[in-house]
Amino acid sequence: MNKLQKVVSVLVLIALCALPLSAAGVQEQTKTGGTLNVYSIMPEKYATKIFEEFTKDTGITVNFVRLSSGEALARIIAEKANPQVDALWGGPADTYEAGVLEGVFDTYVPAEADKIPAQFKSANGYWTGIGVIPLTFMSNAAFLKEKGLKAPTSWYDLLDPAYRNSLQMADARTSGTATERIYSLVKVMGEDEAFAYQKKLHQNIQLYTKGGAGGAMPVATGQAGAGIFYIVDALDIQQQGYDLVISYPKEGVTYGVEASGIIKGAKNLQSAKALMDWASSKRLGEVMVANLINYIPTRPDVTVTNPALDMSQVKLLEADIAWKGENRTRLVERWVADVIQQ
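Remember, predicted model here, so these are calculated numbers, not experimental data.

*Asks:* Can you walk me through empty space enclosed by the protein in this structure?
*Replies:* Scanning the entire structure with this criterion turns up 4 cavities of 30 Å³ or more. What the largest cavity holds in volume is close to 60 Å³. If you go around the largest cavity, the residues you meet are Met288, Val289, Leu292, Ile293, Asn294, Tyr295, Val304, Thr305, Asn306 and Leu309. The residue makeup of the lining of the largest cavity, split by class, is 7 nonpolar, 3 polar and no charged. As a volume, the second largest cavity reaches approximately 50 Å³. Forming the walls of the second largest cavity are Gly129, Ile130, Ala279, Ser281, Leu284, Gly285, Met288, Pro297, Thr298, Arg299 and Val302. Of all the elements, helix H11 (residues 282-290) adds the most residues to the lining of the second largest cavity, at 3 residues. Broken down by class, the residue content of the lining of the second largest cavity amounts to 6 nonpolar, 4 polar and 1 charged.

*Asks:* Explain the side chain of Glu97 here, please?
*Replies:* The residue Glu97 is located in helix H4 (residues 93-101) in this model. Lys324 provides the closest opposite charge to the buried, unpaired Glu97, separated from it by 11 Å. Once you skip the residues sitting within four places of it in the chain, Glu97 turns out to touch Trp127, Ile321, Ala322 and Gly325.

*Asks:* Please clarify how the pairing of strand E1 (residues 35-40) should be interpreted in this entry.
*Replies:* A regular strand places its side chains on the two faces of the sheet in alternate fashion. Two strands pair when backbone bridges link them, and E1 and strand E2 (residues 61-66) are joined in this way by 6 bridges, in the parallel orientation. Counterpart to Asn37 in the pairing with E2 is Asn63. This β-α-β element, E1 to helix H2 (residues 44-58) to E2, shows right-handed connectivity. Both E1 and strand E3 (residues 87-92) contribute to a ladder of 3 bridges, which runs parallel. Note that in E3 the partner of Val38 across the bridge is Ala87.

*Asks:* How should helix H9 (residues 231-238) be read in this particular structure?
*Replies:* Residues spaced three or four apart along an α-helix face the same direction, because each turn holds 3.6 residues. Burial runs high along H9: 7 of the 8 residues are buried. When H9 is considered as a whole, its buried residues turn out to be Ile231, Val232, Asp233, Ala234, Leu235, Asp236 and Ile237. In this structure, the buried side of H9 is in contact with H2, strand E4 (128-140), helix H8 (216-221), strand E7 (226-230) and strand E8 (244-247).

*Asks:* Just checking my understanding: could you explain the packing of H2 against helix H10 (residues 269-279) for this structure?
*Replies:* Axes are the key here: two packed helices are described by the angle between their axes and the distance separating the axes. At a closest axis distance of 11 Å, the pairing of H2 and H10 adopts a crossing angle of 110 degrees. Taken together, the axes of H2 and H10 lie roughly perpendicular to each other. Residues Ile50, Phe51, Glu53, Phe54 and Asp57 of H2 lie in contact with H10, whose contacting residues are Ser271, Ala274, Leu275 and Trp278. Within the contact of H2 with H10, the residues separate by chemical class into 6 nonpolar, 1 polar and 2 charged.

Definitions and limits used
- Residues numbered from 1 in each chain as written.
- Predicted model: local features only at pLDDT ≥ 70, side-chain atom pairs only at ≥ 80, totals over all residues.
- Heavy atoms only, no water.
- 1 Å grid on protein atoms, 1.4 Å probe; cavity = no way out; pocket = protein on both sides within 12 Å on 5 of 7 lines; lining within 4 Å.
- Points joined across faces, edges and corners; volume = space filled by probe spheres on them.
- Nonpolar A, V, L, I, M, F, W, Y, C, P; charged D, E, K, R; others polar.
- Helix = DSSP H or I, 4+ residues; strand = E, 2+ residues; numbered from the N terminus.
- Buried < 20%, exposed > 50% of the residue type's maximum accessible area, 1.4 Å probe, protein only.
- Lys, Arg positive; Asp, Glu negative; His and termini not counted.
- Salt bridge = Lys/Arg side-chain N within 4 Å of Asp/Glu carboxyl O.
- Contact = heavy atoms within 4.5 Å.
- Pairing = 2+ DSSP bridges.
- Right-handed = clockwise from strand over helix to strand, strands pointing away.
- Axes fitted to C-alpha atoms, helices over the stretch in contact; angles between N-to-C directions.
- Parallel < 35°, antiparallel > 145°, perpendicular 65-115°, else oblique.

In structure tokens form, the structure reads like this:
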């Protein structure tokens, strides 16, 4: 087991036995009141529940707009001279690292940042991780049966002609899930082979969706056969009762660190800091567990109840977040040139 597997396994090994969300496990926080404006890369259904609890605890009202990671970063950069929001919530940490290079994030070390492992937060305080989300394959069980297929357990399984016009997955120009897919392939195959692979995979793509979870429901309802998603989105659909199979490639996958950070020039700076402090506490992790929001909390002392989040048997690949941020734009541009416009 490599270092990353050990760390992520520790996050879920602490308990797979359910414990109730209790007042004893929730840190008291002074209700300061105020307003906070946020761009959320985290899907609206999750962000709404989380911000409701944050407001209950702090009295701070959150106004948020949901955007995909590429859209959020582009908008924050465009608004650099006059920021329209105070914080960015959710989305892969490489989006934040790319923003750091553009000078759009402020530094702030949250109150309990020392309780979060180093690999899940910015060394310089630009962002703090709130969840770990590995990539996974998700397949429609009826589709697999109809085609006589087993659930894919290799990246190369998705090149099978049986998947022709049957895969839905995210567009790298707008989605952090898609850029994570590219990072995984580069780590597994090397960059040139990864792009050669994606050109072949393109022949089986039915649709590239704007958001990372966009193809999940079409797979669930049989409009598509399979796709590549973050585990949080795959489990959300499965929890709705659809007959789906979640599997992992034997060659390995990378993972996203769902992050949070303060925008430089935030007009409601104290409220933004309060959100970061709250996010670094056990409270956020417990809210996610209680609401079946399946991020693996970055706080190792949060009890996880879903056995599907046990990553001890999954080959997790290390991909430095700073490397992701530095290469994000270049790899997306190559994907467009080599794969979409081939």
